[in-house]
There are 2 protein chains.
Amino acid sequence: MDSLDLLIKNLSKLPGVGKKSASRIAYSLLNSSMGFNETLGLEIMEIQSKIKKCSICGNYSESEICEICASFNRDKSLLCIVEQPQDIQTIESTGDYRGLFHVLGGVLAPLDGIGPEELNLLKLVERVKKENIQEIIIATNPTLEGDSTALYIAHILKDSDISITRIASGLPVGGDFEYADKLSISRAFRGRRELI
Amino acid sequence: MDSLDLLIKNLSKLPGVGKKSASRIAYSLLNSSMGFNETLGLEIMEIQSKIKKCSICGNYSESEICEICASFNRDKSLLCIVEQPQDIQTIESTGDYRGLFHVLGGVLAPLDGIGPEELNLLKLVERVKKENIQEIIIATNPTLEGDSTALYIAHILKDSDISITRIASGLPVGGDFEYADKLSISRAFRGRRELI
């Protein structure tokens, strides 16, 4: 197997890239400017060492604390809980939300062996105690697992004085944040309601 | 702009990869095993220095002469002319053709400034003189440019004793080899007819 086949094989392991797309990408890399390949290759090699998780919220960041947590312009009384760091980017792109975030790193999925210990929940309880949060918006995906995780979080925080809300299902049920349109996300944020 | 944005921006320059796919790939790279990123990054950086063009046919190859030109099991009386090296891979995958290849590196496109000098034609004429070729199969894409290029090649080789054929249009007209199914390619090869 030569270098080209190996490259195609590895490219086709990327999400959404099949064998034909991988081969098309590989051939375009053969014809691209040498500088582009150097840059892209190096970026791929270094991305994991450059990007860390924010020590406060779990968002991806190049520094110890991410831009959102470090900002003075955010509403620190609002905390939005999301499944994955990429959900933050999607929500930020709507420009509707000005509070802070907290990344769970997944959802409860007992069948896959993901229980409360696997999620970033201890730090959430800690933040709720230390920070001056007035409302927690649970923005996990509107799936079975996302909904149960929302209920679970509402349950463990029910003794605090904080208002706990769930985004409205403006997103299609069974869907995923990653592919939602901005309008649906905005509507979901506006239509949020008390969970308990 | 941080490393993640830069990576997403460069990934979205690849063919068939939009902004959302690029972002999805970037996040998956953040979560993939470190070894995979090292390997893929290095492969992308090194692909151009590892893969050269075969000095006989113009196919991509890791050695001076590609596997097909160097093989003793090919029918050296047959020469198939293709536009791009990736067309060879597609034709080879049908298993129908056992002759040699010649890569033009494009098609005649006067409006884009691609004339006969820009194509790998001098070497073709040389091969026709030196090698014992009995039939030339012109397998450029069945597009306007591919058809005119086929006629042009037939014209410059018309004084030789070689039979010059064009693959049958089993492929949909206006289409592209890269996306054709194997059956259509096989049928096109079997249905080839004399051009002049």
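Overview of the overall build of chain A
Move 1: Counting secondary structure elements, chain A contains eight helices and seven strands.
Move 2: Seen along its three principal axes, the alpha-carbon backbone of chain A occupies a region of about 60 × 35 × 35 Å.
Move 3: Split into buried and exposed, the 196 residues of chain A put 51% on the buried side.
Move 4: Accessible area for chain A stands at about 9,800 Å²; split by element, carbon and sulfur atoms hold 53% of it.
Move 5: Averaging the positions of the 22 positive and the 27 negative side-chain charges in chain A gives two centres separated by 2 Å.

Details of helix α1 (residues 3-11) of chain A
Move 1: Along α1 of chain A, the residues that are buried comprise Ser 3, Leu 4, Leu 7, Ile 8, Asn 10 and Leu 11 of chain A. Along α1 of chain A, the residues classed as buried sweep out an arc of 165° about the axis, all on the same side.
Move 2: Against the buried residues of α1 of chain A lie α2 (19-31) of chain A together with α3 (34-50) and α5 (85-92) of chain B.

With respect to the packing of helix α3 (residues 34-50) of chain A against helix α2 (residues 19-31) of chain B
Move 1: Where α3 of chain A contacts α2 of chain B, the axes come no closer than 9 Å and their chain directions differ by 60°. By the angle between their axes, α3 of chain A is oblique relative to α2 of chain B. Crossing hand, α3 of chain A versus α2 of chain B: right-handed. Residues Ile 44, Ile 47 and Gln 48 of chain A of α3 of chain A lie in contact with α2 of chain B, whose contacting residues are Leu 29, Leu 30 and Asn 31 of chain B.

What to know about the sheet that holds strand β6 (residues 163-166) of chain B
Strand pairs in the sheet, formed through backbone hydrogen bonds, run parallel or antiparallel to each other.
All names here are of chain B.
Move 1: Spatially, the five strands line up as an open sheet ordered β4-β3-β5-β6-β7, and their pairing is mixed. Since the sheet does not close on itself, it has two edges, and those belong to β4 (99-103) and β7 (193-194), each with one partner.
Move 2: Looking at chain direction, β6 and β7 are connected through two bridges and run antiparallel. Paired with Arg 166 across the strands is Arg 193, a residue of β7.

Brief notes about the environment of Gln 134 of chain B
Residue and element names in this part refer to chain B.
Move 1: Counting through the fold element by element, Gln 134 comes out in the loop between α6 (122-130) and β5 (135-138).
Move 2: As for Gln 134 and Ser 32, which are separated by 102 residues in sequence, their C-alpha atoms are 52 Å apart.
Move 3: Setting aside anything within four residues of it in sequence, one finds Gln 134 in contact with Ser 77, Ile 162 and Ser 163.

A short note on the domain arrangement of chain A
Move 1: Here the domain parsing of chain A yields domain 1 (3-50) and domain 2 (72-194).
Move 2: Here domain 1 of chain A and domain 2 of chain A have C-alpha centroids that lie 34 Å from each other.

Thoughts on the pattern of salt bridges
All names here are of chain A.
Move 1: Within the structure shown, the criterion is met by eight salt bridges over all chains.
Move 2: Arg 127 serves as the salt-bridge partner of Glu 131, at 2.9 Å between the closest nitrogen and oxygen.
Move 3: On the basis of relative accessible area, Glu 131 is assigned to the partly exposed category, the value being 24%.
Move 4: Asp 147 is paired through a salt bridge with Arg 166; the nearest N and O atoms lie 2.6 Å apart.

Section: the interface of chain B and chain A
Move 1: With 47 residues of chain B at the contact, the number on the chain A side is 47 residues.
Move 2: Buried surface at the junction of chain B and chain A, summed over both partners, amounts to about 4,800 Å²; 62% is from carbon and sulfur atoms.
Move 3: Where chain B touches chain A, the interface holds zero salt bridges.
Move 4: At the surface where chain B touches chain A, the tally comes to 14 residue pairs in polar contact (both at pLDDT 80 or more).
Move 5: Breaking the side of chain B that touches chain A down by element, the ones donating at least two residues are α1 (3-11), α2, α3 and α5 of chain B.
Move 6: In terms of residue count, α3 of chain B provides more of the side of chain B that touches chain A than any other element does, 14 residues in total.
Move 7: Among the residues forming the side of chain B that touches chain A, the class breakdown is 23 nonpolar, 14 polar and 10 charged.

Thresholds, definitions, all that
Residues numbered from 1 in each chain as written. Chains lettered and ligands numbered in written order. Predicted model: local features only at pLDDT ≥ 70, side-chain atom pairs only at ≥ 80, totals over all residues. Heavy atoms only, no water. Helix = DSSP H or I, 4+ residues; strand = E, 2+ residues; numbered from the N terminus. Buried < 20%, exposed > 50% of the residue type's maximum accessible area, 1.4 Å probe, protein only. Areas by Shrake-Rupley, 256 points an atom, 1.4 Å probe, with all protein chains shown as cover. Lys, Arg positive; Asp, Glu negative; His and termini not counted. Charge placed at Lys NZ, Arg CZ, Asp CG, Glu CD. Arc of directions from axis to C-beta. Contact = heavy atoms within 4.5 Å. Axes fitted to C-alpha atoms, helices over the stretch in contact; angles between N-to-C directions. Parallel < 35°, antiparallel > 145°, perpendicular 65-115°, else oblique. Left-handed = near helix turned anticlockwise from the far one by under 90°. Pairing = 2+ DSSP bridges. Domains from an automatic or database assignment. Salt bridge = Lys/Arg side-chain N within 4 Å of Asp/Glu carboxyl O. Buried area = accessible area lost by both parts, 1.4 Å probe. Polar contact = N/O pair within 3.5 Å; in protein donor to acceptor, adjacent residues only side chain to side chain. Nonpolar A, V, L, I, M, F, W, Y, C, P; charged D, E, K, R; others polar.

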